[in-house]
Amino acid sequence: MMQENITISVIVAAYNIEEYLGRCLDSICNQTYHNLEILVVDDGSTDRTGEICDEYAAKDERVHVIHQSNMGLSGARNSALKVAEGEYIGYVDGDDYIEPDMYESMLDACVRNGAQLAVCSYRQIGNEKAWNQFSDEQYPLTREEALEIYICDNKPYHIYNAVWSKLFRRDIIRDVWFPVGHKSEDIPYTTKALINAERCVFLDSPYYNYVVDREDSIMNQNIHERRFNDEIPFWKEQQGYLYGVGMKELADKASYQFYRRMLYYYLDFRKRHMRDSARQLIQMLREDQKKIKVIYKNHYVAVGDKVRMHIALHAPGLYYVLASAYDKFLIPLRQ
């Protein structure tokens, strides 16, 4: 075991999750790395969540509880960030749980590779369709390599938006906060942290267990509002931030990935019979046609994506029919 002279602050946001919180806190308290400051934020819960937080604080001196009025996930995390004293910061959502050696492994990888940020793989709990193979390898990455993987998602390993799959050295997030009142808040946070980190290390081991079977979870609520009020503005902000720090090629690639994602959103809205949302999205793309034309001239834009965007802009109904037929007939044939 590595020397424990470095403190990790682990921030846990908890709101009405009495059924899950004990499992989460047990997984943190039982880490093989012991030098932890565990900051649990009871974000105005109305069930036994607050009591459970206090019970853990009473039996483990590393656990510190913040009780506050409901401010949402961003507000809860910011409250803990303001008082966190660790040299590294980690996040765990209160309804998830982590493997016993997660923080020991991630901190060790940071120290050995001179990295300010570690990223690990995760396992979905409650989704029988999810199937992944993990190499258990570690991949040191430069800032540019990490950003390329994060933005383009074109490697055998992935850097996700979620902050819970990461361990941040404090100095790269000192002035980075979560936007209060929004969901999908991890998009700008992770983007800024990656830009601030000189080196990153990816651990292809599923140290984090992400619970996906909660029907009332944030990710299952108000999909129209989440996409149009939070995700789309944050993806656009990501592009602007990259342009602002002089990373034009990465910003262009981020724009390309954004428009690819928008076509997926359109198809998803149609499948959910959310026709008004689908129409609003196509209108947004049509307003962006000049920029799309410029971005899609880049050499890395696939010919198939150019065709898909052209059809979607000019005949969205036809695009939906063709995409549905492709999914129904061609993909099974290939498989």
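Residues numbered from 1 in each chain as written. Predicted model: local features only at pLDDT ≥ 70, side-chain atom pairs only at ≥ 80, totals over all residues. Heavy atoms only, no water.

**A look at the overall build of the protein chain**
And step 1. Counting secondary structure elements, the protein chain contains 12 helices and nine strands.
And step 2. Relative to the globule expectation of 20 Å for 335 residues, the C-alpha radius of gyration of the protein chain, 21 Å, shows essentially globular dimensions.
And step 3. With the C-alpha coordinates of the protein chain rotated into their principal frame, the extents come out at 65 × 45 × 40 Å.
And step 4. With 335 residues in all, the protein chain has 52% of them scored as buried. (Helix = DSSP H or I, 4+ residues; strand = E, 2+ residues; numbered from the N terminus. Rg over C-alpha atoms; globule rule 2.2 N^0.38 Å. Buried < 20%, exposed > 50% of the residue type's maximum accessible area, 1.4 Å probe, protein only.)

**A word on the packing of aromatic side chains**
And step 1. Under the criterion given, the structure shown has 17 aromatic pairs.
And step 2. Look at Tyr122 and Trp164: their rings are 5.1 Å apart centre to centre, the planes differ by 80 degrees, and that puts the pair in the edge-to-face class. Linking Tyr122 in strand β6 (residues 117–125) with Trp164 in the loop between α5 (143–152) and β8 (166–169), this pair joins segments that are 42 residues apart in sequence.
And step 3. Ring centres 5.5 Å apart and planes at 90 degrees place the aromatic pair Phe168 and Tyr189 in the edge-to-face group. In this pair, Phe168 is assigned in strand β8 and Tyr189 in helix α6 (residues 186–196), connecting sequence segments 21 residues apart. Both residues of the pair, Phe168 and Tyr189, belong to the buried class.
And step 4. Put simply, the rings of Tyr122, Tyr160, Trp164, Tyr208 and Tyr210 touch in pairs and so form one group of aromatic residues.
And step 5. Arg77 extends its terminal NZ or CZ atom over the ring of Phe178, reaching a point 5.0 Å from the ring centre.
And step 6. Over the ring of Phe269 we find Arg227; its NZ or CZ atom is 5.2 Å from the centre of that ring. (Phe/Tyr/Trp six-rings, centres within 6.5 Å; stacked < 30°, edge-to-face > 60°. Lys NZ or Arg CZ within 6 Å of the ring centre and 35° of its normal.)

**Here we look at the confidence of the model for the protein chain**
And step 1. Confidence along the protein chain averages 91 in pLDDT terms, with 92% of residues attaining 70 or more.
And step 2. Here residues 216–221 is modelled with pLDDT under 50, and outside its nearest four sequence neighbours on either side it reaches 10 contacts, counting other chains as well.
And step 3. Within the model, the stretch residues 331–335 combines pLDDT values under 50 with three contacts to residues more than four positions away or in other chains. (pLDDT = per-residue confidence, 0-100. Contact = heavy atoms within 4.5 Å.)

**Description of helix α11 (residues 303–314)**
And step 1. Taking 1.5 Å as the rise per residue, α11 with 12 residues should run 16 Å; its terminal C-alpha atoms sit 17 Å apart, in good agreement.
And step 2. Along α11, the residues classified as buried are Asp305, Met309, Ala312 and Leu313. The buried residues of α11 all sit within an arc of 95 degrees when viewed along its axis, so they share a single face. Turned more than 90 degrees away from the buried face of α11 sit Val303 and His314, all of them exposed. (Expected span 1.5 Å × (residues − 1). Arc of directions from axis to C-beta.)

**Let's talk about the nonpolar core**
Among soluble globular proteins, nonpolar side chains are generally buried collectively.
And step 1. Judged by nonpolar contacts, the single largest core of 71 residues is most densely connected at Tyr91, Ile159, Phe168, Ile173, Tyr189 and Leu285.
And step 2. Here this core gets 12 residues from one element, more than from any other, and that element is helix α8 (residues 248–271).
And step 3. Sequence-distant contacts of Ile159, that is, excluding residues within four places in its chain, are made with Val119, Leu141, Ala146, Ile149, Tyr150, Lys166, Leu194 and Phe202.
And step 4. By size, the runner-up hydrophobic cluster in this structure holds 43 residues, among which are Ile28, Cys29, Val40 and Tyr122. (Core = buried A, V, L, I, M, F, W, Y, C linked by side-chain atoms within 4.5 Å.)

**Let's talk about the environment of Val163**
And step 1. Mapped onto the fold, Val163 is located in the loop between α5 and β8.
And step 2. Given the relative accessible area of 0%, Val163 is considered buried.
And step 3. Taking C-alpha positions, Val163 is 19 Å from Lys236, a pair spaced 73 residues apart along the chain.
And step 4. What Val163 contacts, discounting residues up to four positions off in sequence, is Arg77, Tyr91, Phe168, Phe178, Asp186, Tyr189 and Thr190.

**A short note on unusual backbone geometry**
And step 1. One non-glycine residue, Asn16, lies in positive phi territory at about 50 degrees.
And step 2. Here Asn16 is to be found in the loop between β1 (8–14) and α1 (18–29).
And step 3. For Asp136, which is not glycine, the phi dihedral falls at a positive 60 degrees.

**Re the pairing of β1**
And step 1. Counting buried residues in β1 gives seven out of seven residues, a clear majority hidden from the surface.
And step 2. Alternating residues of β1 divide into Ile8, Val10, Val12 and Ala14 and Ser9, Ile11 and Ala13, and every residue in both groups is buried.
And step 3. The pairing of β1 with strand β2 (residues 36–43) spans seven bridges and is classified as parallel. When the bridges of β2 are listed, Val12 appears paired with Val40.
And step 4. Each parallel crossover has a hand, and for β1 linked through α1 to β2 it is right-handed.
And step 5. Sheet topology places β1 next to strand β4 (residues 88–93); six bridges connect them, and they run parallel. Looking at the pairing, Ala13 lines up with Asp93 of β4. (Pairing = 2+ DSSP bridges. Right-handed = clockwise from strand over helix to strand, strands pointing away.)

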